[in-house]
Amino acid sequence: MRLSVFFLPLMFVACGLGPTQISTGGDSVVGGQELYRLGCGSCHTIPGIVGAKGKVGPSLDGIAGHSYIAGQLPNQPPNLQRWIQHPHSIHPATLMPELGITEAQSRNIAAYLYSLN
């Protein structure tokens, strides 16, 4: 019985039945580059981004598994993209800066963040 509990997830992965990727229409590789270029790691811990060990904002590891974004918005791609682009429109007192991120950049960044789950 214990072995079957251990091997069941491995069988799902081998059959391609692992967790599904959340589609943002963006490019996760480009999103990772944007996160680095914009310096997001100075405030956030972000797996896979060199030097991204910030402690000001929350860790972004496993963000796809979170129920809410900024404690207010259901965690869905359009909401994450809106938060990335215009955090002050959602939470005016947030410390997260408005960086002039474009819609395409927000799709790419969201794709990267959702790939972390």
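Residues numbered from 1 in each chain as written. Predicted model: local features only at pLDDT ≥ 70, side-chain atom pairs only at ≥ 80, totals over all residues. Heavy atoms only, no water.

Focus on the overall build of the chain
- For the chain, the count of helices and strands is 5 helices and 2 strands.
- Seen in sequence order, the chain has helices and strands lined up from the N terminus as α-α-β-β-α-α-α.
- Here the chain holds 117 residues, and the buried ones make up 35% of them.
- If you take every contact in the chain between residues at least 6 apart in sequence, the share linking residues at least 24 apart comes to 45%.
- Carbon and sulfur atoms make up 62% of the accessible area of the chain, which amounts to about 7,400 Å² in all. (Helix = DSSP H or I, 4+ residues; strand = E, 2+ residues; numbered from the N terminus. Buried < 20%, exposed > 50% of the residue type's maximum accessible area, 1.4 Å probe, protein only. Contact = heavy atoms within 4.5 Å. Areas by Shrake-Rupley, 256 points an atom, 1.4 Å probe, with all protein chains shown as cover.)

Some details on the confidence of the model for the chain
- Mean pLDDT over the chain stands at 85; residues scoring 70 or higher make up 82%.
- Ranking the helices and strands of the chain by mean pLDDT puts helix H3 (residues 77-85) first, with 97, and helix H1 (residues 2-14) last, with 45.
- A low-confidence stretch, residues 3-20 (pLDDT under 50), is modelled with 2 contacts involving residues beyond four sequence positions or located in other chains. (pLDDT = per-residue confidence, 0-100.)

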